[in-house]
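Chain and residue survey
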Amino acid sequence: MIHFLLLFSRQGKLRLQKWFTPLSELEKKKVIRDMTLMVLARPPRTSNFLQWRDLKIVYKRYASLYFCTGLEEKDNELLALEMIHRYVELLDKYFGNVCELDIIFNFEKAYFILDEFLMGGEILETSKFAVGGSVEEADTLQEVQEP
Amino acid sequence: MPAPIRLRELIRTIRTARTQAEEREMIQKECAAIRSSFREEDNTYRCRNVAKLLYMHMLGYPAHFGQLECLKLIASQKFTDKRIGYLGAMLLLDERQDVHLLMTNCIKNDLNHSTQYVQGLALCTLGCMGSSEMCRDLAGEVEKLLKTSNSYLRKKAALCAVHVIRKVPELMEMFLPATKNLLSEKNHGVLHTSVVLLTEMCERSPDMLAHFRKLVPQLVRILKNLIMSGYSPEHDVSGISDPFLQVRILRLLRILGKGDDDSSEAMNDILAQVATNTETSKNVGNAILYETVLTIMDIKSESGLRVLAINILGRFLLNNDKNIRYVALTSLLKTVQTDHNAVQRHRSTIVDCLKDLDVSIKRRAMELSFALVNGNNIRGMMKELLYFLDSCDPEFKADCASGVFLAAEKYAPSKRWHIDTIMRVLTTAGSYVRDDSVPNLIQLITNSVEMHAYTVQRLYKALLDDISQQPLVQVASWCIGEYGDLLISGQCEEEEPIQVTEDEVLDVLEGLLVSNLSSPVTRGYSLTAIMKLSTRFSSVNRIKKVVSIYGSSIDVELQQRAVEYNALFKKYDHMRPALLERMPIMEKTASNGPTEIVQTNGEAEPSVVEPKHPPPVGQPASQGNDLLDLLGGNDVPVIPTTMPTKPASAGGELLDLLGDLSLGLSLMAFYLFDLFKTVNFLSTGIPPMTAYNKNGLKIDFTFERANPNPNVAVITIHASNSTEADMTDFVFQAAVPKTFQLQLLSPSSNVVPALNQGTVTQVIRVLNQQKQQLRMRIKLTYIHKGSAVQDLAEVNNFPPQSWQ
């Protein structure tokens, strides 16, 4: 399972944090700090994988955002790259040419999409259309209920 | 009160802040507004306020006062409220919070809601962060939903079940019935989550694993369909259909096939198919190949398949993509133990990876290189590894140096090569070498008798160049102390002997003592080395002067040494030659790594103990202890226990004389020739005695009380020979009455030189718990003038102080 998924900018500002293991606020802050330091320090043209404590860290940069996830020993790192890519595609489809600002101003939507894609540290849905479809239907439900 | 500002507006405002302080001020203002709004129990804007709070929480500000509000939102009937409420719960209400359990009822209700999206929210929250209690309470609901025909809910229920099982493994059984036809689903989401669920169950329970083995054919079929099926737009990734599902199935197959011949056979074909047909131009294909390789290596696959797998990894190593190379190195490291020969074929590629720019790849390549070193490739590999050591980052140097030492010890083709390799490491990465390597190296050098002159010469030259690397300096000083005589006599055979005088050597050693670069440990080494040279050099006066100067050193360690050496010069000068004799060949320890302490389990006999002769080099021995404790200035008396080569008559537990330091076997008697201890026991006031004096062989006993156990008497025998011929193969044995326990350590040598030219010393430790009068029977055997001599004697004249 994946232990966490973090999105942060090149200046180290956190844009999204999803935790799949219970950690205290202090521990979470430590992880965020370590991840941003380690990932931002990586020179270009190095691999996307790191070892940190007992986790495998997989990160990928898309434009101004770093997507960083922590995996267990038995998880497949190359597939994790695909997983990150799929999430970016889902965001892109939903927001239409997604950029960092979309995620800043609509962070709750980014979470909703994530929650239709991953659950409990595992991939929930592998269909590209199903995730977006569910989120949009739920959005409709929200609007219908608004007076 | 005016309506609270919208979320977007808040975000926009906060982003205009130019300093941290400004941002903090805005946040505090808004928090205050939100708090008062919460206090007013305003339903309309609660959702908006919590959303804003969550934004501020992401910026790093505290948001705990919103926890209860999240609960209220969850309980609301409006979907918007629930959406934000559950999001807030997942961010703020993890299981460590007191109010976490208050969610349980709401979640329970929502699991049974009429709207699937509400059910989905509840399942998601439970499945991401539900505590064990919550999982216990709600497992039944999840199990119900696992059986629904609604695939949207079914897939969520499956992953929720996975979480429940992780939190409360005992509940696994209750989900078993619902798994019956999970794999007959067409929906990929359900299929994927079902495979995850099955994997979790199989990993946790061998019974489940056995039960689910029958699913192998079905899994193989599904995988086959994925590969053979045509293009499916919703699942396609660069021409591959649903790689996520493929990888999960491969992972489950790995677990099911491991250790089981039938299952492994059933999946052989599909694995071969995937391995050969998967498109490798993109990362996604390689991800599937990677998982396939892992599966092939783990199950009982036929050898052809295994070779195919290793070759795939070999191809990975040549791939331009760094990620693929990294993954290949990691996998090869896992398989190198089992498929060593196959991995050896890729050795040159692996060694090339040492030059990669990527730190992670370099590290993996280094580990793998060490795993691949063997007797055949040692020279070539070591060249590469030493080159790597020269140029790598400091973070690697310690590990690399240790690896080089280990490999060199195991596979060195010649002693000269071994010493040269060590020299190379010490001179290039000397400061990064681990502290425990120093004693190991010293032992190695001691045992390479014929290389002593060469070694000391090379070390001396290295010292002249550079005294900053402490491990190098310590080994060098020790060697100069031991073999200084070889150094100045210019005896080196291996290379051109250098001309160096006693004064020059002493200059260097004294230089170490005063240099700022030397650590306290190093200073200890050099002082002891200088002292040892007093029996090897003729400039004794100079040495005496140095030693007396340090008698008032601020460093307590140095001061103690100097004072005791001084005493050695003054009062015990007759003992000096014996004490400072050349070290004997030490038993080779089994490992060169950190000292291992092994419990002997009652094999040794206390009553009659045969001493072991100093063994030839290379004889594998028991685990030893850190040899140089004594010269490293360790005041803890390190007393190893002996192991008899043949079991003696009586049985019994070997007494652990040092309490918790239960050491394994080492026959380094010279632990006891700790100079400090020697001087110490001379001052205990127990007079020495002559135990035996016959036919020119005289054996004296000297006494000491061992710390910390006052019931232990430490006796050192000194055997001397006044005849004109040497006594060779000299063996001293001792036996004591049953109320005592005796331990005999290694002798200094087994040749008692003629005409009192030297003594053989050996240490006996006697435990006298009942404080009885000490008696001993000794047996001596030796060869004198060609004939074997054997004698028995009783020793009864022990001074009372030795056993009272």
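Sequence order as written defines the numbering, with residues in each chain counted from 1. The order in which chains are written sets their letters, starting at A; the order in which ligands are written sets their numbers, starting at 1. In view of the model being predicted, local features appear only for residues whose pLDDT reaches at least 70, and side-chain atom pairs are presented and counted only at 80 or more, with totals across whole chains, interfaces and linings using the full set of residues. With hydrogens and water set aside, each side-chain value is computed from the structure's full complement of heavy atoms.

1. Thoughts on the interface of chain B and chain A
By definition in these notes, contact holds between two residues if any of their heavy atoms fall within 4.5 Å. Taken together, the contact between chain B and chain A spans 70 residues of the former and 64 residues of the latter. Simply put, the buried area is the total loss of 1.4 Å probe accessible area from both parts when two parts are fitted together. For the pair chain B and chain A, the summed buried area comes to about 6100 Å², and 55% of that belongs to carbon and sulfur atoms. For the chain B face of the interface with chain A, the top three residues by lost area are Met58(B), Arg83(B) and Phe244(B), together amounting to 13%. What counts as a salt bridge is simple: a side-chain nitrogen of Lys or Arg found within 4 Å of a carboxyl oxygen of Asp or Glu. Counting across the chain B and chain A interface gives 10 salt bridges. Across the pair Arg248(B) and Glu122(A) runs a salt bridge, and its minimum N-O distance is 2.7 Å.

2. Describing the state of the cysteines
Two cysteine sulfur atoms form a disulfide, by the criterion used here, when they sit within 2.5 Å. Applying the stated criterion across every chain, the model contains zero disulfides over all chains. Considering cysteine sulfurs only, Cys70(B) is the nearest to Cys47(B), which forms no disulfide, with 10 Å between them.

3. Brief notes about unusual backbone geometry
Although it is not a glycine, Arg45(A) sits at a positive phi angle of roughly 60°. Along the polypeptide, Arg45(A) turns up in the loop between helix H1 (25–40) and strand E3 (49–52). Residue exposure (1.4 Å probe, protein chains only): buried if accessible area is under 20% of the type maximum, exposed if over 50%, otherwise partly exposed. Overall, the relative accessible area of 72% leaves Arg45(A) in the exposed class. For Asp729(B), which is not a glycine, the phi torsion comes out positive at approximately 50°. Positionally, Asp729(B) belongs in strand E7 (residues 727–735). Numbering goes from the N terminus for both helices and strands, where a helix is a DSSP run of H or I of at least four residues and a strand is a run of E of at least two.

4. Structural notes on the domain arrangement of chain B
An automatic or database domain assignment supplies the start and end points of every domain. The domain boundaries assigned to chain B delineate domain 1 (435–580) and domain 2 (687–802). Distance between the C-alpha centres of domain 1 of chain B and domain 2 of chain B: 31 Å.

5. Quick notes on the packing of helix H7 (residues 116–129) of chain B against helix H9 (residues 151–167) of chain B
All names here are of chain B. In the contact formed by H7 and H9, the axes pass within 8 Å of each other and the chain directions differ by 20°. One way to sum up the angle between H7 and H9 is to call them roughly parallel. Where H7 crosses over H9, the two elements pack in a sense that is left-handed. Note on element contacts: H9 touches H7 through Tyr152, Leu153, Lys156, Ala157, Cys160 and His163, opposite Gln116, Tyr117, Gln119, Gly120, Leu123, Leu126, Gly127, Cys128 and Met129. The class makeup of the residues in the contact of H7 with H9 is nine nonpolar, five polar and one charged. Angles here are taken between N-to-C directions and fall from 0 to 180 degrees, while the axes themselves are lines fitted to C-alpha atoms, restricted in helices to the stretch in contact. Angular relationships are summarised with four words: roughly parallel below 35 degrees, roughly antiparallel beyond 145, roughly perpendicular across 65 to 115, and oblique for the angles in between. A crossing counts as left-handed when the near helix is turned anticlockwise from the far one by less than a right angle, and as right-handed when that turn is clockwise. Only Asp, Glu, Lys and Arg are considered charged in this grouping, and only Ala, Val, Leu, Ile, Met, Phe, Trp, Tyr, Cys and Pro are considered nonpolar; every other residue, Gly among them, is considered polar.

6. Brief notes about the pattern of salt bridges
According to the stated counting rule, one finds 57 salt bridges over all chains in the structure shown. Across the salt bridge formed by Asp75(A) and Arg251(B), the nearest N and O atoms sit 3.0 Å from each other. Here Arg251(B) lies in helix H13 (residues 243–257) and Asp75(A) lies in the loop between strand E5 (65–71) and helix H2 (77–95), a pairing that spans two chains. Looking at Asp75(A), the relative accessible area reads 8%, which means it is buried. Judged by its relative accessible area of 7%, Arg251(B) falls in the buried class. Sharing partners across several salt bridges, the network here consists of Glu122(A), Arg166(B), Glu200(B), Arg204(B) and Arg248(B).

7. Section: helix H4 (residues 107–117) of chain A
Counting buried positions along H4(A) yields 11 of 11 residues, so the element is predominantly enclosed. Turning to H4(A), its buried residues are Phe107(A), Glu108(A), Lys109(A), Ala110(A), Tyr111(A), Phe112(A), Ile113(A), Leu114(A), Asp115(A), Glu116(A) and Phe117(A).

8. Re the side chain of Ser360(B)
Looking at the secondary structure, you find Ser360(B) in helix H20 (residues 359–372). For Ser360(B), the side chain forms a polar contact with the side chain of Arg42(A), separated by 3.5 Å. Pairs of N or O atoms within 3.5 Å make up the polar contacts considered here, provided that, within protein, one atom can donate a hydrogen while the other can accept it, and that residues adjacent in sequence are counted only when both atoms are side-chain atoms.

9. Comments concerning the sheet that holds strand E2 (residues 14–19) of chain A
Residue and element names in this part refer to chain A. One open sheet accounts for five strands, arranged E2-E1-E5-E4-E3; its pairing is antiparallel. Every other strand in the sheet has two partners, leaving E2 and E3 as the edge strands with one partner each. In this sheet, neighbouring strand axes are inclined to one another by 20° on average, regardless of whether the strands run parallel or antiparallel. Being paired, for any two strands, means DSSP has found at least two bridges between them. Taken together, the seven bridges between strand E1 (residues 2–9) and E5 define a ladder with antiparallel strand orientation.

10. Observations regarding the packing of aromatic side chains
Ring pairs shown here join Phe, Tyr and Trp side chains whose ring centres sit within 6.5 Å, with only the six-membered ring taken for Trp; geometry is labelled stacked below 30 degrees between planes, edge-to-face above 60, and tilted in between. Overall, the coordinates contain 16 aromatic pairs over all chains when judged by the stated rule. Taking the centre distance of 5.5 Å and the plane angle of 80° together, the rings of Tyr62(A) and Phe67(A) count as edge-to-face. The residues Tyr62(A) and Phe67(A) share a single accessibility class, namely buried. For the pair Trp478(B) and Tyr483(B), a centre-to-centre distance of 6.2 Å together with 80° between the ring planes defines the contact as edge-to-face. Classification of Trp478(B) by relative accessible area gives buried; the value is 2%.

11. So, the environment of Leu389(B)
Its place among the elements puts Leu389(B) in helix H21 (residues 378–391). Taking C-alpha positions, Leu389(B) is 6.5 Å from Cys400(B), a pair spaced 11 residues apart along the chain.

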